[in-house]
Amino acid sequence: MTIPALIRAELARLTATPLARLAFIALMCVPLLYGGAYLWANRDPYAKLDQIPAAIVDQDAGATLDGERVDYGKDVAKEAVDGHDFDWTETTAADARSGVRNGTYDFVVTIPHDFSESLASAQSDHPERAELVMTTADTNSYLASTIAEQAGKTMRTAVAERVGKEAATTLLVGLADVRDSLGDAVDGAGELASGATTAANGADALEDGTAQLSTGAGTLASSTAALPSQTAQLDAGAQRVATGAASLATGLRDAQQQTAALPDQTRQLADGAAQVAAGNAELAARVDEANTAVQAIQPLDAGTVLEDITANLPEGVTLTPEQQQALTATVTSAVDRANSAGADAKQQLGVTTGQVDTLSAGARQVSDGAAALADAAPQLSSGIATAADGASTLSSGAAQVAAGTHELAGAAPQLSSGASQLATGATSADDGAKSLATGLHSLESGSSELASQLDEGRTKIPASTSSSRNAQASVISDPVKVGDDNIAAASNYGAGLAPFFISLAAWIGMYALFLILKPISKRAITAVRRPVRVVLGGWLTPALLGVVQMAALFLIVRYALDLDVVHAGGTVGVMVLASATFAAIIMTLNVLLGSVGQFLGLVLMLIQLVTAGGTFPWQTLPGPLAALHFALPMTYSVDAIRQTMYGGSLATAWSDAGVLLCWLLGALLVSYLVTARQTRTRTLRDLRPSLIG
């Protein structure tokens, strides 16, 4: 028998009766129902999340932020409901909790009463985390709880982005204000530095001036130290001059009074010379005494008086030009009058003395002398009066000088003390000026450094506008954007599961067919006795049926479920190769172990169900199962279909196909060896197989 004859004979057996045909069709549809139904149910579950019932409880009491009322809880609830991501219902806490328990709601999001207050505290000195309370019940659906957890994270991200943007905006506005203020501060610091420079220069000049002042004040103090004693001496001399001048004025006034009646008396003398001859001796003696006294008086020298007054001034005391001029005028006038009166008095007294002497010398000359005396007596009286007036004036001026020198002597100690204090103060002022100059120079350098640092700090704060701050706040609140650069993307959730369910459907399809197919025809072994034909005939029958199954399943996946396939030919080829490989493996198990091998085919399917990495990454498997990931064929069929369906690496797909082909050839080789043995010998098991093979 040829291979086509073997195939026709097996197909004829499968369709021999209506019941056999019905069973055949049913088993052929098993992979289509399995793969199609699973992929249909899981085609895009995320597109229908808006049908998942969920409750939201807003207990937020609101808060005040920057003087304005905010209610973040209300905003979050409104955004959630308006977003229609889930079938949201706003309700009370009691209804929400009971709804989760009885399955009315799959999960509940509760916004606590202090939600807004906690968010607003982010801009205060005592920030607190806001909290969203997620209530779930795995009795409703474990995946619903997982989805709820993701929904909570989405809400949290949205709230964090909004609050972060507001906080970042406030921060950026504050930084902009700080930058502007730093600009003003830089200008102020520059003005301060300029002023400090001017002040430092002034302080240097002040330091020089106070140094000179201190030196001058020291000299003044040392110069005026002896001033009190000198002015005291001047005062004593002035007092003596005043006393002498007063005595002179008194004497001259007495002389004036005594000579007031002299004209009359001389006239009487002239008339009665004889009568007064006896008294002429006495008169001559008196006149001689008077003449001696008057002649003894020396004329006053105004320059000498001024030199004496000036010489007696305390050391270091200098009269002002006005004081010196007034003193000179007063002394000169008084001395001139006194000298004039004295000269006249001497002259008159000399004449009188001569006359008296003449009278004394001879009586004959008495009358002439008396007449002359009578003629001269009025002039003498007038001169004495003039001298008396000059002496009075001299006495008055001397008294004024004495009063002035007395006041000068009284003020000299205060002047000396003040000069000493001035010297002390000038020294302190000099020290203070030096400290001030040093401090101002430090202020100058410090203010210049301050202006430089402030300007540097200002330049480090970037200039911004309202629009740029808004953009910056958006980036700060959501700094990382995850770009989607999927080099081989599944179109949806169903497409993501399709490679796994297609591979599983191919295995289940082959497993179901071998429930009614004979792996090897016993008649062919006996009649043909060619193991290759027998093995190929037994394998090609399920392999061809597998091609039909995979083609039909591909049409369902691509067109009925509308899942995207990048490389359609490659995907169909991998599906057919996987189905043929699984047919060879299950056939080998049946040929080698009989019904036990069929059962092992089911066990192997279950093992590959968890090790193929069709849902979660294989790295999440326990160690022993992870080791089987690379050892079993379904791993490579799943990976190859992913590569061709999503547009991945075709080289990887070819590599996976190579592994499947090795499994295929290896299984056929084992079947060939077992079949070859059966063509030569038969065992009791071959003649009478047991129930379990």
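In this text, all values refer to a predicted model and were calculated from it rather than measured experimentally. (Residues numbered from 1 in each chain as written. Predicted model: local features only at pLDDT ≥ 70, side-chain atom pairs only at ≥ 80, totals over all residues. Heavy atoms only, no water.)

Draft legend 1. Inspection of the packing of helix α2 (residues 18–41) against helix α16 (residues 531–560) at higher detail. With their axes 10 Å apart at the nearest point, α2 and α16 run at an angle of 30° to one another. In terms of axis orientation, α2 runs roughly parallel to α16. Between α2 and α16 lies a crossing whose hand is right-handed. Of α16, the residues touching α2 (which contributes Phe 24, Leu 27, Met 28, Pro 31, Leu 32, Gly 35, Gly 36 and Leu 39) are Leu 545, Val 548, Gln 549, Ala 552, Leu 553, Ile 556 and Val 557. For the contact of α2 with α16, the class distribution of residues is 12 nonpolar, three polar and no charged. (Axes fitted to C-alpha atoms, helices over the stretch in contact; angles between N-to-C directions. Helix = DSSP H or I, 4+ residues; strand = E, 2+ residues; numbered from the N terminus. Parallel < 35°, antiparallel > 145°, perpendicular 65-115°, else oblique. Left-handed = near helix turned anticlockwise from the far one by under 90°. Contact = heavy atoms within 4.5 Å. Nonpolar A, V, L, I, M, F, W, Y, C, P; charged D, E, K, R; others polar.)

Draft legend 2. Main features of the nonpolar core. In this structure, Leu 39, Trp 507, Leu 513, Trp 539, Leu 553, Leu 563 and Met 645 are the most contacted members of the largest nonpolar core, which totals 67 residues. Where this core is concerned, the elements lending two or more residues are α2, α14 (493–513), α16, α17 (568–593), α18 (595–611), α20 (634–646) and α21 (650–680). Take this core: its biggest share by element is 15 residues, from α14. Apart from residues lying up to four places away in sequence, Trp 539 is in contact with Ala 580, Ala 583, Ala 584, Met 587, Leu 664 and Leu 668. In terms of nonpolar packing, the next biggest core, distinct from the first, is built from 24 residues, Tyr 72, Trp 88, Val 109 and Ala 120 among them. (Core = buried A, V, L, I, M, F, W, Y, C linked by side-chain atoms within 4.5 Å. Buried < 20%, exposed > 50% of the residue type's maximum accessible area, 1.4 Å probe, protein only.)

Draft legend 3. Inspection of a negative patch on the surface at higher detail. Taken together, the side chains of Asp 177, Asp 180, Asp 184, Asp 187 and Glu 191 define an acidic patch exposed on the protein surface. Turning to its location among the elements, Asp 180 is positioned in helix α6 (residues 142–223). (Patch = residues over 30% accessible without salt bridge, like charges linked within 9 Å, V, L, I, M, F, W, Y side chains within 5 Å. Areas by Shrake-Rupley, 256 points an atom, 1.4 Å probe, with all protein chains shown as cover. Salt bridge = Lys/Arg side-chain N within 4 Å of Asp/Glu carboxyl O. Lys, Arg positive; Asp, Glu negative; His and termini not counted. Charge placed at Lys NZ, Arg CZ, Asp CG, Glu CD.)

Draft legend 4. Main features of the pattern of salt bridges. Considering all chains together, one arrives at three salt bridges under this definition. Across the pair Glu 10 and Arg 13 runs a salt bridge, and its minimum N-O distance is 2.5 Å. Of this pair, Glu 10 and Arg 13 both sit in helix α1 (residues 3–14), three residues apart, which is roughly one turn of the helix. Classification of Arg 13 by relative accessible area gives partly exposed; the value is 33%. Taking the shortest distance from any N to any O, the salt bridge between Lys 78 and Asp 82 comes out at 2.8 Å. Of this pair, Lys 78 and Asp 82 both sit in helix α3 (residues 72–83), four residues apart, which is roughly one turn of the helix. Take Asp 82: its relative accessible area is 44%, and that puts it in the partly exposed class.

Draft legend 5. Quick peek at the sheet that holds strand β1 (residues 53–58). What the four strands build is an open sheet, ordered β4-β1-β5-β6; its pairing is mixed. Each having just a single partner strand, β4 (87–90) and β6 (133–136) make up the two edges of the open sheet. On average, adjacent strands in this sheet sit at an angle of 25° to one another, irrespective of strand direction. The sheet strands contacting α3 are β1, β4 and β5 (107–111), and the helix crosses β1 at an angle near 165°. (Pairing = 2+ DSSP bridges.)

Draft legend 6. Region of interest: the pairing of β1. Summarising the sheet, β1 and β4 pair through four bridges and their orientation is parallel. Following the sheet pairing, Pro 53 is matched in β4 by Asp 87. Relative to β5, β1 is paired through five bridges, and the arrangement is parallel. Note that in β5 the partner of Ala 54 across the bridge is Phe 107.

Draft legend 7. Layout of the packing of aromatic side chains. Applying the stated rule across the entire model yields nine aromatic pairs. Relative to Phe 501, the ring of Tyr 38 has its centre 4.9 Å away and its plane inclined at 25°; by these criteria the two rings are stacked. Here Tyr 38, found in helix α2, pairs with Phe 501, found in helix α14; they are 463 residues apart in sequence, far enough to count as distant. Seen from their ring centres, Phe 86 and Phe 107 are 5.2 Å apart, and the 90° between their planes marks the pair as edge-to-face. On the criterion of sequence distance, the pair formed by Phe 86 in the loop between α3 and β4 and Phe 107 in strand β5 is long-range, its members being 21 residues apart. The exposure classification of Phe 86 matches that of Phe 107, with both residues buried. Here the aromatic cluster, defined as three or more aromatic residues joined through ring pairs, consists of Tyr 34, Tyr 38, Phe 500 and Phe 501. (Phe/Tyr/Trp six-rings, centres within 6.5 Å; stacked < 30°, edge-to-face > 60°.)

Draft legend 8. Region of interest: a nonpolar patch on the surface. On the surface, Leu 592, Leu 593, Val 596, Phe 599, Leu 600 and Val 670 cluster together into a nonpolar patch covering about 450 Å² of accessible area. For the nonpolar patch, the secondary-structure elements that each account for two or more residues are α17 and α18. Top contributing element to the nonpolar patch by residue count: α18, with three residues. Within the secondary structure, Leu 592 is located in helix α17. The exposure class of Leu 592 is partly exposed, given its relative accessible area of 42%.

Draft legend 9. Here's a closer look at the environment of Ala 261. Secondary-structure assignment places Ala 261 in the loop between α7 (227–258) and α8 (262–271). Judged by relative accessible area, Ala 261 falls into the partly exposed class, the value being 34%. For the pair Ala 261 and Pro 378, spaced 117 residues apart in sequence, the C-alpha to C-alpha distance is 9.1 Å.

Draft legend 10. Highlighting the side chain of Thr 91. The residue Thr 91 is located in the loop between β4 and α4 (93–102) in this model. Separated by 2.6 Å, the side chains of Thr 91 and Asp 95 make a polar contact. Not counting residues up to four positions away in its chain, the partners in contact with Thr 91 are Ala 55, Ile 56, Val 57, Ala 96 and Tyr 105. (Polar contact = N/O pair within 3.5 Å; in protein donor to acceptor, adjacent residues only side chain to side chain.)

Draft legend 11. Fine view of the environment of Ala 293. Topologically, Ala 293 is positioned in helix α9 (residues 277–296). Residue class for Ala 293 comes out partly exposed when judged on its relative accessible area of 45%. In sequence terms Ala 293 and Lys 346 are 53 residues apart; their C-alpha atoms lie 9.6 Å from each other.

Draft legend 12. The arrangement of the packing of α17 against α20 in detail. It is at 8 Å that the axes of α17 and α20 come closest, and there the two elements cross at 170°. It follows that α17 is roughly antiparallel to α20 by the angle criterion. Of the residues in α20, those touching α17 at Gly 570, Thr 571, Val 574, Met 575, Ala 578 and Phe 582 are Met 634, Ser 637, Ala 640, Ile 641, Thr 644 and Met 645. Residue composition of the contact of α17 with α20, by class: eight nonpolar, four polar and no charged.

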